[in-house]
Every structure is written in C-alpha cells, then in structure tokens.
Amino acid sequence: MRIAVTGSIATDHLMTFPGRFADQFVADQLHTVSLSFLVDNLDVRRGGVGANIAFGMGQLGTRPILAGAAGFDFDDYRAWLERHGVDTGSVRISETLHTARFVVTTDADHNQIGSFYTGAMSEARLIELKAVADRVGGLDLVLIGADDPEGMLRHTEECRTRNIPFAADFSQQIARMNGEEIRILLDGATYLFSNEYEKGLIESKTGWSDAEILGKVGHRVTTLGSRGVRIERAGEDPIEVGCAQEERKTDPTGVGDAFRAGFLSGLTWGVSLERAAQVGCMLATLVIETVGTQEYELSRAHFMERFARAYGEEPAAEVKKHLA
C-alpha cells in the first residue's frame with residue numbers, strides 16, 4: 001500500500017528568555033513597542049505536520065511519500081528524512097523562498113512571543129498529485145494534512161477527480177477555515193482525523209451533526225488525549241483504544257502527528273483498525289517522552305516490549321511480523 005503524505009514542512013527555532021516579558025512593557029508606551037530580548041539558548045528542531053508524520057512512518061519501515069513544499073535550504077532536512085526511510089522525491093523545492101519557519105521566545109513564566117513564516121509552504125498549491133502517483137506507480141491513499149489552504153483544497157479535489165482515497169486532517173488550519181471550506185475538505189474522505197476539540201469545531205463550523213459527518217466519511221478518527229482514540233463508522237460500534245503507559249511526560253508537541261504515522265503504517269501493513277490504532281498510540285507515547293517531534297529513536301525490541309505490555313502478547317506478535 002502506497003501512502004502519500006501532504007502537509008507542512010518547517011523548522012522550529014525555539015529560544016528561552018530568563019526574565020519576564022511583562023516586566024519589559026511600559027503601560028503608556030505600548031503603541032510604540034520596540035524590544036529586543038537577550039536569550040539564553042537557541043534550539044532548532046525539524047518539524048511541520050507532513051514531515052513529522054512521514055518521519056514516523058519511515059521509522060516504522062513503511063516508506064511514505066512526502067509531497068510538500070520546501071525552500072532552497074532543504075538539503076540537510078532532506079538528507080535527514082531520507083536516512084529515516086522517507087521518500088522525498090515529490091517534495092517541491094522553491095527557487096526563491098526559505099522553508100517555512102516558526103520562531104518563538106519563551107519567558108520564565110512560559111509566556112511566548114512567536115512568528116510563523118510560511119515561505120515555501122505557499123507553493124504547496126502547485127503540487128500535482130498525478131505527477132506523484134506516476135512517479136511511484138500509483139497511490140492507494142493520500143493524507144491531506146495542514147498546509148497551504150489552497151493546496152489542501154486542490155489536493156482534495158484532485159483526489160476526488162482521480163478516484164484516489166484520501167484522509168482529511170485539517171489540525172492547525174481549522175481555525176482559519178470557514179464552514180464551506182471544511183465541508184469541501186471532508187466530504188468523501190476515507191478517514192477524518194481530529195482531536196476532541198477540533199471535532200466540536202468541525203461540527204460547529206460546518207453546521208453538520210456528528211451523525212451527518214459520519215454519513216459523509218468512511219471513518220472518523222478522534223484522538224482523546226490521555227484517553228487514547230476513538231474510531232467511528234456509520235452503523236457500527238465504535239472502536240476505542242487506550243494509550244500505552246508513558247515513562248515520563250516531556251513534551252506533547254507532535255504527539256498527534258506520531259499517532260497518525262502509526263495508524264497509517266498499520267493500514268499499510270493491512271492489520272485491523274484496532275491494531276493500527278494501537279500502533280499509533282504506542283508511537284505517540286514515545287514522542288511525548290521526547291523533546292522535539294523527530295528526536296525519538298525507535299528500537300524494534302524496545303517498541304515491541306512496550307507494545308506487548310500495553311496491549312498483550314497476541315497483538316504484539318501480529319505487529320512484530322510487520323515492523324521493520
């Protein structure tokens with residue numbers, strides 16, 4: 001099963017200011033703010049939802065095809081992804097723009113001041129999925145993740161036109177999209193991914209009830225934070241899978257992307273929905289224990305030991321046959 005992952009490719013530049021932002025503001029001069037913060041450290045992390053999901057799938061050995069847009073500064077990031085099992089042959093490289101970048105400074109009270117530069121991500125709308133499919137010999141599923149909004153709409157329409165099954169995964173872009181755009185993006189999706197809050201927002205913005213949305217998608221996959229995940233299909237009992245016990249809670253960033261990577265890998269292997277969700281939850285647990293969305297290491301023996309502890313020996317034996 002060949003899965004293409006569309007979505008943002010970005011780097012995160014994380015800085016720490018040892019003081020408090022609030023102490024630097026003068027109440028009657030806020031209309032002319034001009035401040036510079038001397039920070040203690042700079043941490044540069046690879047990120048972007050498309051790249052995060054593809055990285056996780058690559059770690060599990062399922063060789064995903066990443067179809068996003070990056071800048072002329074992508075060489076090192078490309079080499080990293082290729083070393084970790086990601087096919088980057090369909091990444092569009094901008095000739096003039098940098099890879100998307102999030103720059104944020106956090107103070108001692110955990111307040112943040114940040115900026116997001118879309119950069120090359122705006123060229124995702126120029127990617128044609130037919131060219132991707134032709135290059136790899138066809139596509140069985142396209143994940144349409146948070147990206148340039150026009151690109152998300154174009155990829156959805158192309159999937160419908162070419163009868164390519166697709167998974168809708170708006171995540172961070174839900175806030176800026178209106179009801180009509182969301183209706184277009186989810187109608188006919190084989191899978192609809194969201195967290196619990198986003199689920200309510202989708203229903204509110206579209207004006208469609210939970211039952212109506214279930215009638216328009218094949219599967220509704222809702223992550224429930226520490227409670228795991230619920231998978232719903234019209235006319236069938238829901239499937240609920242709990243999280244594996246984490247050894248520590250370090251950083252929740254990228255946990256949702258890791259779940260999707262594990263779930264999609266399970267689909268690639270052809271295991272049941274329940275088993276795919278268990279793989280997703282196990283991978284998400286590894287990410288929450290690590291600082292950074294692509295900094296975790298996946299040891300087959302360690303992964304299977306923890307998987308068996310969480311879900312049982314029989315499910316573990318089934319997954320072990322597929323895990324690279």
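Look above for the structure.
Owing to the predicted nature of the structure, the values given are computational and were not obtained by experimental measurement.

Sheet strands associate in pairs through backbone hydrogen bonding, adopting either a parallel or an antiparallel arrangement. If you walk across this open sheet you meet the four strands as β3-β2-β7-β8, and the pairing is mixed. Only two strands of the sheet have a single neighbouring strand rather than two, namely β3 (41-47) and β8 (112-117). Averaged over neighbouring strand pairs, the angle between their axes works out to 15 degrees when direction is ignored. As defined by bridge partners, strand β2 (residues 10-16) adjoins β3 across seven bridges and the pair is classed as antiparallel. Residue pairing across strands places Leu-14 opposite Asp-43, the latter belonging to β3.

Bringing the pattern of salt bridges into the picture now. Opposite charge on two side chains permits pairing when their charged atoms draw close. Tallying each qualifying case throughout the model produces 30 salt bridges. We note a salt bridge from Glu-82 to Arg-63, for which the minimum N-O separation is 3.4 Å. Here Arg-63 lies in the loop between α1 (49-59) and β4 (65-66) and Glu-82 lies in helix α2 (residues 75-83), a separation of 19 residues in the sequence. Residue Glu-82 is classed as partly exposed on the basis of its relative accessible area, which comes to 31%. A relative accessible area of 43% places Arg-63 in the partly exposed class. Here Glu-157 makes a salt bridge to Arg-160, at a shortest N to O gap of 3.4 Å.

Criteria and thresholds
- Residues numbered from 1 in each chain as written.
- Predicted model: local features only at pLDDT ≥ 70, side-chain atom pairs only at ≥ 80, totals over all residues.
- Heavy atoms only, no water.
- Pairing = 2+ DSSP bridges.
- Helix = DSSP H or I, 4+ residues; strand = E, 2+ residues; numbered from the N terminus.
- Axes fitted to C-alpha atoms, helices over the stretch in contact; angles between N-to-C directions.
- Salt bridge = Lys/Arg side-chain N within 4 Å of Asp/Glu carboxyl O.
- Buried < 20%, exposed > 50% of the residue type's maximum accessible area, 1.4 Å probe, protein only.

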